[in-house]
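Coordinates in review
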Amino acid sequence: MKLPLSFYQRNDAVLVARELLGKHIYTNIDGQLTGGVIVETEAYQGPEDRGSHAYNHRKTPRNEIMFKAGGVVYMYICYGIHDMLNVVTGTDGTSHAVLIRAVDPRVGIETMRERRNLFTEDTRLCRGPGALAKALGLVKAHNGINLLEDKIWIEDRNEIVNESDIIASARVGMNYDGPYKTIPWRFYMKGNKNVSKPHI
DNA sequence: TATAGGATAGGCT
DNA sequence: GCCTATCCTATAG
């Protein structure tokens, strides 16, 4: 059921990002099981990718986990407020990763609402990378956790995702010029209400 | 050591 | 649609 290490350790983060759509992500944190279906991802691929923290082989205390073999989690804080969840991919020494940007919530919805302070039906529950990390109970301290352990993991439940239901577009928040600003490495499920804005 | 700015989200106009 | 909280990190001096 859990995706095997071989899924993550391919040296093609763009392919992994696409294939993570429709997979089920779970966390078991503070005794609470929460999870849902991944509906939006972004790929960050290699030292040439100007959008990546590992651009130009940059390796710092923050991002060194990106250089590990695939199948572990890379967590970092954005804008001083939001914890971001990434899945490290590729073989040892590469710096590929996939940012999980949105989840269709399925399990432990009450727990996720409490963590998010949303107490009614609200499509914002896991919409956006900061939102889903908070709903799933993930913080920077979870950096480096292996996806084959029992704190956070991803399962293939044999749900078919049609190619025609996948939209590829430019990644969000790329504030610089060059080809990596517009390269279509963001993937999301067409029409899904849990996909973050902007819808381009 | 100092400082600018970020792979965002939520609230307000 | 615009504004900004909030703080860690990367980078320059």
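Residues numbered from 1 in each chain as written. Chains lettered and ligands numbered in written order. Predicted model: local features only at pLDDT ≥ 70, side-chain atom pairs only at ≥ 80, totals over all residues. Heavy atoms only, no water.

1. A word on the overall build of chain A
- Looking only at helices and strands, one finds five helices and eight strands in chain A.
- Ordered by position from the N terminus, the helices and strands of chain A form the series α-α-β-β-β-β-β-α-α-β-β-α-β.
- Scaling as 2.2 N^0.38, a compact globule of 200 residues should have a C-alpha radius of gyration of about 16 Å, and chain A matches this with 16 Å.
- If one aligns the C-alpha atoms of chain A with their principal axes, the spans along those axes are about 45 × 35 × 35 Å.
- In chain A, which comprises 200 residues, the share counted as buried stands at 52%.
- The contacts of chain A with a sequence gap of at least 6 include a subset with a gap of at least 24, amounting to 60%.
- As displayed, chain A has an accessible area near 9,500 Å², and 50% of this comes from carbon and sulfur atoms.
- The averaged location of the 23 negative side-chain charges in chain A is 5 Å from the averaged location of its 26 positive side-chain charges. (Helix = DSSP H or I, 4+ residues; strand = E, 2+ residues; numbered from the N terminus. Rg over C-alpha atoms; globule rule 2.2 N^0.38 Å. Buried < 20%, exposed > 50% of the residue type's maximum accessible area, 1.4 Å probe, protein only. Contact = heavy atoms within 4.5 Å. Areas by Shrake-Rupley, 256 points an atom, 1.4 Å probe, with all protein chains shown as cover. Lys, Arg positive; Asp, Glu negative; His and termini not counted. Charge placed at Lys NZ, Arg CZ, Asp CG, Glu CD.)

2. With respect to the nonpolar core
- Ranked by size, the top nonpolar core spans 42 residues in total, and within it Leu20, Ile25, Leu85, Ile100, Leu138, Ile152 and Ile154 carry the most contacts.
- Tallying contributions element by element places helix α2 (residues 13-20) first for this core, with five residues.
- Excluding residues that lie within four positions of it along the chain, Ile152 makes contacts with Ile25, Tyr26, Thr27, Val73, Leu85, Leu138, Ile145, Asn146 and Leu147.
- Counting 15 residues, the second-largest nonpolar core is a separate cluster that includes Met66, Phe67, Tyr76 and Met174. (Core = buried A, V, L, I, M, F, W, Y, C linked by side-chain atoms within 4.5 Å.)

3. So, the protein's contact with DNA strand B
- In the neighbourhood of DNA strand B, 20 residues make up the surrounding shell, with His82, Asn86, Arg116, Gly128 and Gly130 lying closest.
- Within 4 Å of the protein, the atoms of DNA strand B are drawn from sugar and phosphate moieties in a proportion of 49%.
- One nitrogen or oxygen atom from the main chain of Pro129 is found 2.9 Å from a phosphate oxygen belonging to DNA strand B.
- The set of elements that each furnish at least two residues to the surface near DNA strand B consists of β4 (82-88), β5 (97-107) and α4 (129-135).
- A class-by-class count of the residues in the surface near DNA strand B yields ten nonpolar, eight polar and two charged. (Near = heavy atom within 4 Å. Polar contact = N/O pair within 3.5 Å; in protein donor to acceptor, adjacent residues only side chain to side chain. Nonpolar A, V, L, I, M, F, W, Y, C, P; charged D, E, K, R; others polar.)

4. Describing unusual backbone geometry
- At His57, a position not held by glycine, the phi torsion is positive, near 65 degrees.
- Assignment of secondary structure puts His57 in the loop between β2 (32-44) and β3 (73-78).

5. Regarding the protein's contact with DNA strand C
- Every residue lining DNA strand C is accounted for by Arg58, Thr60, Arg62, Tyr79, Gly80, Ile81 and Lys140.
- Near the protein, within 4 Å, the atoms of DNA strand C are sugar or phosphate in 72% of cases.
- The side chain of Arg58 places a nitrogen or oxygen atom 3.0 Å from a phosphate oxygen of DNA strand C.
- Residues of the surface near DNA strand C, tallied by class, amount to two nonpolar, two polar and three charged.

6. With respect to the packing of aromatic side chains
- Under the counting rule described, the total for this entry stands at four aromatic pairs.
- On the numbers, 5.4 Å between centres and 80 degrees between planes, the contact of Phe7 with Tyr8 is edge-to-face.
- Here the basic side chain of Lys59 rests over the ring of Phe67, its NZ or CZ set 5.0 Å away from the ring centre. (Phe/Tyr/Trp six-rings, centres within 6.5 Å; stacked < 30°, edge-to-face > 60°. Lys NZ or Arg CZ within 6 Å of the ring centre and 35° of its normal.)

7. Quick notes on the pattern of salt bridges
- In this structure the tally under the stated criterion is eleven salt bridges.
- Between Arg186 and Glu40 there is a salt bridge, and its shortest N-O distance comes to 2.8 Å. Taken together, the positions of Arg186 in strand β8 (residues 186-189) and Glu40 in strand β2 put the pair 146 residues apart, joining distant regions of the chain. Each of the two residues, Arg186 as well as Glu40, counts as buried. (Salt bridge = Lys/Arg side-chain N within 4 Å of Asp/Glu carboxyl O.)

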